[in-house]
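# Breakdown of the fold
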Amino acid sequence: MQAIGARAVSLGLAVAGLSAQAQPPSGQAQSPRVITSFRESFPTRPPADPAVVERGKALYGVNCAFCHGADTRGGDSGPSLLRAGTVLDDQKGELIGPVVLNGRADRGMPKFSFTMAQVEEVAAFIHSFRAAGYDDSRMTPPSILVGDAAAGATFFAATCASCHSATGDLRGFGGKFTDPKLLQQTWLMPGSGGRLAALMVKVPPTTVTVTLPSGEKINGELDRLDDFGVSLKQADGTHRSFRTDGDTPNVEVHDPLQPHKDLLRVYKDADIHNVTAYLVTLK
Amino acid sequence: MSVALVAQKPGLDSAQLLRPLADAWTSYSGDYSGKRYSALKQINQTNVKNLSLAWVSKVAGGPGRGGPAAPGTPQTFVGGEGTGDVVVAGATTIKGSILEVNGILYVTAPDNAWALDAHDGHELWHYFWKTKGGTHIGNRGAGMWGNYLYMETPDDYLVSLDARTGKERWHTEIASFAQQYFSTTAPVVVANHVIVGTGNDLDSPGFLTSFDPETGAVQWKFYAVPMNPGDPGLETWKSLDAARHGGGQMWLPGSYDPETHLYIVGTGNPTPAYTAQARGDGDNLFTCAIVAINVDDGKMAWYYQTSPHDTHDWDSAQTPVLVDAEFRGNQRKLVLTASRNGYYFTLDRTTGEHLVTSKFSDTVNWAQAELNRKGQPVRNPAKDYDIAGALVSSANGGATNWPPPAFSPDTGLLYVPTAESYAMYYLTETDPRGAMGLGGKEELNLNASTSYMTAIDYKTGKVVWKHKYRSASSRGGASGVLTTAGRLLFGGDIAGNLVAFDPANGKILWHSAIGQVSNAPQTYMVDGRQYLLAAAGDTLYAFALYQ
């Protein structure tokens, strides 16, 4: 349920109010916890004594892992503990303990005769895993390259070759990228896919032609555009702005990426994967 | 001095809460219907070109200067369960509805509430909540009952303030902070219930709580997912454990039908949001649905699911709109919703009977061409995500999102801020058990968004007109919407303008460049003058006619 607005906040750009709120209570040397992205919204648990966690791990491995998985994320017969409300609300075994000691007969969980110290050790081990809504992947696919390069070459010749050439502007294109995902994002929409991607290809500026009622045409790089005006930079470096009222004066935008945008309605996923497989061969 | 001024004003009586939107703005949508249609018409099509800026007021979040206020300056009251050592970066942004009751405006942002004089915007009091943390994405506004205000905090408390002074009356826990709930929505007051939803991105169950407005005692809880053996909908989940971690957060306010006592609200996405294998292949009820809850006992009267088995975090939490209108020759009690998934629905709101489905986005490609026999879109699993990348419209923000729509009975049209966008969705977690929450995928936006004001005919679902906001950049983010009996439609564009349209045809009649409008425009009348009110970040702009 991520609402829009997340992107801007996650960058943590604006810090108005930061200084006003940064005062820790007097007498505490503790530095403030600064939340600059949604990933950091919730506090992490302070690390437990490694020796306690190790003892908990050993107990867990013998008694719990068979059902709940070695990583506490669940197995064939037991649910994930990592996201369980009882575990999340637990501090040091006070909520986990009764479940371990009494079992949950209605759900097929047996009881275990642990000492309270052992309950705390097992709890410390379970709590050593981070539970997070922005869950980082633990097993990642080796490559996104699944396409057919020959089919990609055919698609490229039919669809892309009117603007691009494997021996011209895209010569060596595949060699520029170590990450095929970045390559794929870049050919799909140059500049998309994050800050690194934006550095990979220089996208020509969007230009605009404003035609005045007199017929005079003013051309330049687009600075700003909305329903009420347009601003542009002319070839001599001067800026001009025009108020617009509906289609007067007429504003014609030339977006160099427009063909890329239009093609998003055309591609099948296989086309994309094939073209990527082809472009990585352009070393 | 300021405190005394507020103290003289009487509070909000429950009869006022039942009135259609006009002079005052008494709840999240202005009235219970969710229409955001104001009867005010002092500002109208003829004179809107003469609107001028009446006042500007900038609010400042944070704990204030501390200690007693200097004479003549408003006081900041500080509450909260935090120890003061959590700092949330980012500017104060007003994303919620602002209440207007008896000449006072009540404004909120995460951890902050303010009272302002509605005549000139000067501050009367400020309340600041010391947070423990939680997702500070926004605050959707306050609820009011008598002299008392209610607001939610990102660390999951319901706080009641005395509206006359800004002093805290009490606060009570809504949900478990340790389970990573965060609470942003506007409480909705119905009779002697304060109805409160919450949010969560860690596979915890979504629920509504009804609190006693006087004491804060819990009256009932409604869960959006099955929580116990035998609960309805359980067969649509892989297991009880999956259902109990199935999400469905109701993170926006619903609407209320006083005749049937039904609170009608949209539920959020199922969780885990993307790697859905832990949920099974079923519909995952009652996530991504419109549900009708009886306010007296918290029991569900009916539901209609607008996204069976969602796999893109496209919740159906958008505030539903209640309309009494003609439909195929009969006067019907309807509920309308344009969903984040790109589909529009008209339902009967007493029974949940499905009447209309349409696709309001030209680009949305996640579902098959044909609807099922219940009128629901049918997902195409190939567009869930893919290791090599699936090209999907919409991007995560969806075809529409929280910015509220509006409905005009004059035109019979629902006005929705919409966007068309694409992203590549990559599966990054190959563990067959999947990931938690929003994890397990990488979504890379293709920077090809266009934003619109879209007008939908509730009888057919057809888009009657849409205005594409002209912009030099590709992005979404048009604001929520207001419409009035002055035959006006207001919304913020994506280039920093507050815009007035002719609701019949989308012709632009007026605009003002106040910056990116961050809430839905509102209107109210005090001392015979109608004001148009909108927020841009931390600043409120009020417009009125002076000729």
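Just so we're clear, the structure is a prediction, and the values are computed from it rather than from any experiment.

## Remarks on the overall build of chain B
Helix and strand counts for chain B come out as three helices and 40 strands. When its C-alpha atoms are laid out on the principal axes, chain B stretches across 65 × 55 × 45 Å. Counting contacts in chain B only where the partners sit at least 6 residues apart, residues at least 24 apart contribute 61% of the total.

## Notes on the interface of chain A and chain B
Contact residues are listed per partner, giving 71 residues for chain A and 80 residues for chain B. Elements that contribute at least two residues to the side of chain A that touches chain B include exactly helix H1 (6-11), helix H2 (18-21), strand S1 (33-35), helix H5 (85-89), helix H9 (180-188), strand S3 (217-226) and helix H12 (269-279) of chain A. The class makeup of the residues in the side of chain A that touches chain B is 37 nonpolar, 20 polar and 14 charged. Summarising the sheet, S1 of chain A and strand S4 (residues 86-88) of chain B pair through three bridges and their orientation is parallel. Within S4 of chain B, the position partnered with valine 34 of chain A by the bridge is valine 87 of chain B.

## Let's talk about the packing of helix H8 (residues 149-159) of chain A against H12 of chain A
Residue and element names in this part refer to chain A. Relative to each other, H8 and H12 sit at 100 degrees, their axes nearing to 7 Å. Looking at the two axes, H8 sits roughly perpendicular to H12. Where H8 abuts H12, its residues Ala149, Ala151, Gly152, Ala153, Phe155 and Phe156 lie against Asp271, Asn274, Val275, Thr276, Ala277 and Tyr278. Here the contact of H8 with H12 is composed, by residue class, of eight nonpolar, three polar and one charged.

## Here we look at the sheet that holds strand S21 (residues 289-294) of chain B
Hydrogen bonding along the main chain pairs the strands of a sheet, whether they run parallel or antiparallel. Residues and elements named next belong to chain B. On the basis of which strands lie adjacent, the open sheet formed by four strands has the order S19-S20-S21-S22 and antiparallel pairing. Because the sheet does not close on itself, it has two edges, and the strands there are strand S19 (255-257) and strand S22 (300-305). Strand-to-strand twist of the sheet, defined as the mean angle between neighbouring strand axes without regard to direction, takes the value 20 degrees. Here five bridges tie strand S20 (residues 262-266) to S21, and the two strands are oriented antiparallel to one another. Residue pairing in the sheet places tyrosine 263 in a bridge with isoleucine 293 of S21.

## A look at the sheet that holds strand S40 (residues 539-544) of chain B
Residue and element names in this part refer to chain B. Across the sheet, four strands lie side by side as S2-S40-S39-S38; this open sheet has antiparallel pairing. The open sheet has two free edges, formed respectively by strand S2 (52-58) and strand S38 (522-526), since each of these has just one partner strand. Neighbouring strand axes in the sheet, compared pairwise and without regard to direction, differ in orientation by 30 degrees on average. Relative to S40, S2 runs antiparallel, the two being bridged by six bridges. Residue pairing in the sheet places valine 56 in a bridge with tyrosine 541 of S40.

About the thresholds
Residues numbered from 1 in each chain as written. Chains lettered and ligands numbered in written order. Predicted model: local features only at pLDDT ≥ 70, side-chain atom pairs only at ≥ 80, totals over all residues. Helix = DSSP H or I, 4+ residues; strand = E, 2+ residues; numbered from the N terminus. Contact = placed C-beta atoms within 7 Å. Nonpolar A, V, L, I, M, F, W, Y, C, P; charged D, E, K, R; others polar. Pairing = 2+ DSSP bridges. Axes fitted to C-alpha atoms, helices over the stretch in contact; angles between N-to-C directions. Parallel < 35°, antiparallel > 145°, perpendicular 65-115°, else oblique.

Just distances and angles here, no functional claims.
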